[in-house]
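Next come the chains, spelled out residue by residue.
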Amino acid sequence: GKGMRLVREIAELPRLYKQARSEAEAAFGNGALYIERYIERARHIEFQILADCWGETIHLGERECTIQRRHQKLIEESPSTALTEALREEMGNTAVKAAEAVGYENAGTIEFLLDAEGRYYFIEMNTRIQVEHPVTEAVTGIDLVKEQLRIAAGETLGYSQDEVRASGHAIECRVNAEDPARDFAPCPGRITTFYAPNGPGVRLDSHAHDHFTVSRYYDSLIAKLIVHGRDRAEAIARMRRALHEFVIEGVATTIPFHQKLLLDPAFVRGDIDTGFVGRFLAGDAEPAPAPATLTGAAPA
């Protein structure tokens with residue numbers, strides 16, 4: 001999310017170019033920039049890839065990563081409410097072809113933006129396990145970290161694309177030590193109470209605990225809360241219950257934000273886009289055009 005600026009008027013270009021270059025140099029040591037089309041009311045859809053050294057490359061379906069702030073993800077889920085089966089197959093095949101084109105071997109993620117008309121656009125490839133990988137594990141039953149190690153050891157995947165089956169719906173909420181009321185400002189400090197939720201279909205990945213100190217020198221992510229249900233409605237209900245049980249005191253977190261968002265009618269319907277969080281916090285969460293009616297798409 002760093003080194004990025006949105007230019008709506010050509011007169012803004014010189015000033016915003018300098019800002020983006022300066023930020024990129026400070027963050028990455030590289031001020032090289034490129035220009036790309038900005039997609040209004042986009043959805044962020046990514047496909048999980050596995051590729052071994054024996055020529056087998058498959059995808060494990062998509063993750064919806066549209067709920068984000070400052071281009072950083074807050075909630076991920078699988079499957080996406082935006083994709084028809086035909087569009088899912090087409091985007092998945094495109095992701096596999098992209099990985100094959102560069103001779104990729106590993107777990108990885110091909111990321112796209114999807115517009116309201118069903119056109120999708122390549123963003124990037126992440127050549128690693130991502131924060132949100134547990135939602136894919138929940139719906140497919142495939143341990144991605146184990147698969148990555150098997151691939152690194154030179155083993156074959158041992159299964160084909162046709163053998164991958166997805167079941168139910170999974171949602172992940174990123175619990176950050178941030179204050180949503182202050183534009184998600186970091187909130188380092190000492191955690192005085194850490195009580196984790198549990199129960200059927202609930203998973204928590206975290207390094208935090210009672211008396212843990214959240215440092216200001218590292219990323220503010222302190223926990224990933226993942227739920228799995230028979231369908232999206234059950235997954236949302238389980239996440240609401242798990243968030244209610246999750247107690248972190250001593251530092252501000254994104255838990256109250258997640259609790260409110262999961263009650264929002266537009267989110268429950270799946271009418272979201274990458275600008276949704278900003279409108280939601282401003283009290284103006286006008287739903288994006290419902291993408292559930294999409295029947296096809298053309299890659300761009």
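What counts and how
- Just so you know, the residues in each chain are numbered from 1, in the order the chain's sequence is written.
- For this predicted model, a pLDDT threshold of at least 70 governs which residues receive local features, and a threshold of 80 or more governs which side-chain atom pairs are given and counted, while totals over whole chains, interfaces and linings are taken from all residues.
- Calculated side-chain values reflect all of the structure's heavy atoms, with hydrogen atoms and water omitted.
- Helix and strand assignments come from DSSP, with helices taken as H or I runs of at least 4 residues and strands as E runs of at least 2, each series counted from the N terminus.
- Throughout, the radius of gyration refers to the C-alpha atoms, and the reference size of a globule is 2.2 Å times the residue count to the power 0.38.
- Any pair of residues with heavy atoms lying within 4.5 Å of one another is described as a contacting pair.
- Using a 1.4 Å probe, the Shrake-Rupley method yields the accessible areas, and only the shown protein chains count as cover for residues.
- Think of it this way: Lys and Arg go in the positive column, Asp and Glu in the negative one, and His and the chain ends go nowhere.
- Working definition for charges: the position is that of NZ of Lys, CZ of Arg, CG of Asp or CD of Glu.
- For the exposure calls, accessible area comes from a 1.4 Å probe over protein chains only, and a residue counts as buried if that area is under 20% of its type's maximum, exposed if over 50%, partly exposed in between.
- Whenever two N or O atoms come within 3.5 Å, that pair is a polar contact, provided that in protein one can donate a hydrogen and the other can accept it, and provided that, for residues adjacent in sequence, both atoms are side-chain atoms.
- Any two strands with at least two DSSP bridges between them are considered paired.
- Axes here mean lines fitted to C-alpha atoms, for a helix over just the part in contact, with angles spanning 0 to 180 degrees between N-to-C directions.
- The criterion is simple. A nonpolar core is a set of buried Ala, Val, Leu, Ile, Met, Phe, Trp, Tyr and Cys residues joined through side-chain atoms within 4.5 Å.

Caption draft 1: Structural detail: the overall build of the protein. Within the protein, the secondary structure is distributed over 8 helices and 14 strands. Against the globule reference of 19 Å for 300 residues, the protein gives a C-alpha radius of gyration of 20 Å, in line with a compact fold. Along the longest, intermediate and shortest principal axes, the C-alpha atoms of the protein span 55 × 50 × 40 Å. Considering only contacts in the protein between residues 6 or more positions apart, those separated by 24 or more positions represent 63%. Put simply, the protein shows about 15,000 Å² of open surface, and 52% of that area lies on carbon and sulfur atoms. Within the protein, one finds 34 positive and 45 negative side-chain charges whose respective centroids are separated by 5 Å.

Caption draft 2: Representation of the side chain of K224. Turning to its location among the elements, K224 is positioned in strand 13 (residues 221–229). Looking at K224, the relative accessible area reads 10%, which means it is buried. A polar contact of 2.7 Å, which involves the side chain of K224, links it to the backbone oxygen of V131. Among residues more than four places away in sequence, those in contact with K224 are V131, H133, P134, E172, C173, R203, L204 and D205.

Caption draft 3: Expanded view of the sheet that holds strand 5 (residues 120–126). Overall, antiparallel pairing links the 8 strands, which are arranged 5-4-1-2-3-6-13-11 in an open sheet. Edge strands, defined here as strands with exactly one partner in the open sheet, are strand 5 and strand 11 (202–206). Each adjacent strand pair in this sheet contributes to an overall mean axis angle of 25°, direction not counted. Pairing geometry for strand 11 and strand 13, over 5 bridges, is antiparallel. Along strand 13, the bridge assignment pairs V202 with V227. Where helix 4 (residues 144–152) meets the sheet, its contacts fall on strand 1 (43–51), strand 2 (57–69) and strand 4 (106–114), and the angle it forms with strand 1 comes to roughly 45°.

Caption draft 4: Broad picture of the nonpolar core. Within the largest apolar cluster, 36 residues are counted, with the highest numbers of intra-cluster contacts made by I67, I191 and I248. At the level of secondary structure, the elements contributing two or more residues to this core comprise strand 3 (72–78), strand 6 (169–176), strand 13, helix 5 (232–245), helix 6 (255–261), helix 7 (265–269) and helix 8 (276–281). Per-element tally for this core: the top contributor is helix 5, with 5 residues. Among residues more than four places away in sequence, those in contact with I67 are K73, L74, I75, L261, F267, I272, F276 and V277. In terms of nonpolar packing, the next biggest core, distinct from the first, is built from 16 residues, F47, A82, F112 and Y120 among them.

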